[in-house]
Amino acid sequence: IRRAVTVNTLTQEINAELPTGLVLVRDTNSNGYRVMPDNQEKHPKTLEQKTPYISDEKALDELQKLLDAGADKSSVARGLAGLDSERAWQLRWELIDAGADNDYIAQGLAGLDSERAWQLRRALIDAGADKRYIALSLASLDSERAWQMRRELIDTGVNKDYIALGLAGLDSERAWQMRREFIDV
């Protein structure tokens, strides 16, 4: 039995795999998708936002409050997804030094295409991080580097469901071709 794959179905599946407190939303400014904290008012029938995005500084302030209140370091590391500021990297390194789980660190790289994000992905792979979470960290990345890593992950046997989830936010022909490839269309 083959079920139709729609944007809403994929969005629901991706949201089910995202860390608690994060949600994939339609970015009406770029006509794409973005992983965001799940604390903003949304239109009841769509994922389009009615309010502005949370700023990096506010997100980092909230994550710091969670840490100060005793939140799990690994969960906070995962919450750094999409945050690429100097302050975010400082917190990411503090969490790594404090022993945050590498798989959660990898998930916290989602949406980041910076050089240091790529260096950390490679270091995490070398340290034995679960490559499924490296695949998830490629969400919204359409760079040549991201496509090379997806192919590398496929070649090493990473579950294609995770590769597909890591296509979140992409509307390029290349992304749709890979989705079709995964569902044998």
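The structure reproduced in this document is the subject of the present report. (Residues numbered from 1 in each chain as written. Predicted model: local features only at pLDDT ≥ 70, side-chain atom pairs only at ≥ 80, totals over all residues. Heavy atoms only, no water.)

## A look at the environment of Ala106
Condition: For the purposes of this entry, the term helix denotes a DSSP run of H or I that reaches at least four residues, the term strand denotes a run of E that reaches at least two, and both are numbered from the N terminus.
Considering the arrangement of structural elements, one finds Ala106 in helix α5 (residues 102-107). The sequence separation of Ala106 and Tyr133 amounts to 27 residues, and the corresponding C-alpha distance is 5.9 Å.

## Considering the packing of aromatic side chains
Spelled out, the test is: Stacked, edge-to-face and tilted are the three classes for Phe, Tyr and Trp ring pairs, Trp counted by its six-membered ring, which pair at centre distances within 6.5 Å; planes under 30 degrees apart are stacked, over 60 edge-to-face, the rest tilted. Each residue is assigned to one of three classes by its accessible area relative to the maximum for its type, calculated with a 1.4 Å probe on protein chains only: buried under 20%, partly exposed between the two thresholds, exposed over 50%.
Under the criterion given, the structure shown has two aromatic pairs. Their ring planes at 40° and their centres at 6.1 Å tell us that Trp89 and Trp93 sit as a pair that is tilted. Here the residue Trp89 and the residue Trp93 both occupy positions in helix α4 (residues 86-97), the gap between them amounting to four residues, near one helical turn. The interplanar angle of 75° and the centroid separation of 6.2 Å between the aromatic rings of Tyr133 and Tyr162 together place this pair among those described as edge-to-face. Of this pair, Tyr133 sits in helix α7 (residues 131-136) while Tyr162 is found in helix α9 (residues 160-165), placing the two residues 29 residues apart along the sequence. Both residues of the pair, Tyr133 and Tyr162, belong to the buried class.

## Concerning the packing of helix α8 (residues 144-155) against helix α10 (residues 173-182)
The following threshold applies: Fitted lines through C-alpha atoms serve as axes, helices being fitted only where they are in contact, and the angles separating the N-to-C directions of these axes extend from 0 to 180 degrees. Any angle between 65 and 115 degrees counts as roughly perpendicular, while under 35 counts as roughly parallel, over 145 as roughly antiparallel, and the rest as oblique. Left-handed describes a crossing in which the near helix is turned anticlockwise from the far one by less than a right angle; the clockwise case is right-handed. Contacts between residues were defined by any pair of non-hydrogen atoms, one from each residue, lying within 4.5 Å.
The contact between α8 and α10 brings their axes to 12 Å, and the two run at 15°. Between α8 and α10, the angle is such that the two are roughly parallel. Once α8 is placed against α10, the crossing between them reads as left-handed. Residues Glu144, Trp147, Arg150, Arg151 and Ile154 of α8 lie in contact with α10, whose contacting residues are Arg174, Ala175, Met178, Glu181 and Phe182.

## Structural notes on the pattern of salt bridges
Keep this limit in mind: Salt bridges are defined as contacts in which a side-chain nitrogen from Lys or Arg sits within 4 Å of a carboxyl oxygen from Asp or Glu.
Counting across every chain of the model gives ten salt bridges. Here Arg87 makes a salt bridge to Glu57, at a shortest N to O gap of 2.6 Å. Placement of Arg87 in helix α4 and of Glu57 in helix α2 (residues 56-68) is noted, with a sequence separation of 30 residues between them. Put simply, Arg132 and Asp130 hold a salt bridge, and the shortest N to O gap is 2.6 Å. Each of the salt bridges in this network shares a partner with another, and the network as a whole consists of Glu57, Asp61 and Arg87.

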